[in-house]
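A structural walkthrough
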Amino acid sequence: MTVRPNRSRNLMKGLMMNRIRHWWAGVAADARALADDESGDVPGWVLVTLMTAGLVVLIWAVAGPALTGLFEQAISRVSGL
């Protein structure tokens, strides 16, 4: 029994469409799972926030006296005292 080329082509097309639908259903399920996940990256954001605050405190401790002196010098020049 020989398979007609047109029938074979339709069969292959159907199989490919089935695979594409199956793949797309998996992608959609993954997207829904990601959208429903509300946990986020909380530990990462907490770490970034704490590190930023630490850097601000460190820079302020080092540059604070110099900035205070600069500010006082500028005010004395403007006020003429």
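The paragraphs below set out a description of the structure included in this document. Each chain carries its own residue numbering, running from 1 in the direction its sequence is written. Totals for whole chains, interfaces and linings use all residues, but because this is a predicted model, local features are given only for residues with pLDDT of at least 70 and pairs of side-chain atoms are given and counted only at 80 or more. Note: side-chain values were computed over all heavy atoms of the structure, leaving out hydrogens and water.

1. With respect to the overall build of the chain
Working definition: helices are DSSP H or I runs of at least four residues, strands are E runs of at least two. Numbering for both runs from the N terminus. When helices and strands are tallied, the chain shows two helices and zero strands. For the exposure calls, accessible area comes from a 1.4 Å probe over protein chains only, and a residue counts as buried if that area is under 20% of its type's maximum, exposed if over 50%, partly exposed in between. Across the 81 residues of the chain, 1% fall into the buried class.

2. Remarks on the packing of aromatic side chains
Aromatic contacts are taken between Phe, Tyr and Trp rings whose centres are within 6.5 Å, Trp giving its six-membered ring; a plane angle under 30 degrees counts as stacked, one over 60 as edge-to-face, and the others as tilted. Scanning all chains against the criterion turns up one aromatic pair. Each ring, one from Trp-23 and one from Trp-24, has its centre 5.8 Å from the other, and the planes form 45 degrees; the classification is tilted.

3. Quick notes on a nonpolar patch on the surface
Like-charged residues within 9 Å of one another, or nonpolar side chains (Val, Leu, Ile, Met, Phe, Trp, Tyr) within 5 Å, are grouped into patches, provided each residue has over 30% relative accessible area and no salt bridge. Accessible areas in this description were obtained via Shrake-Rupley with a 1.4 Å probe; residue shielding takes into account the shown protein chains only. In what follows, salt bridge is the name for a side-chain nitrogen of Lys or Arg lying within 4 Å of a carboxyl oxygen of Asp or Glu. Where nonpolar side chains cluster on the molecular surface, the patch consists of Leu-55, Leu-58, Ile-59 and Val-62 and spans about 430 Å² of accessible area. Position of Leu-58 relative to the elements: it lies in helix 2 (residues 42-79). Owing to a relative accessible area of 53%, Leu-58 belongs among the exposed residues under this scheme.

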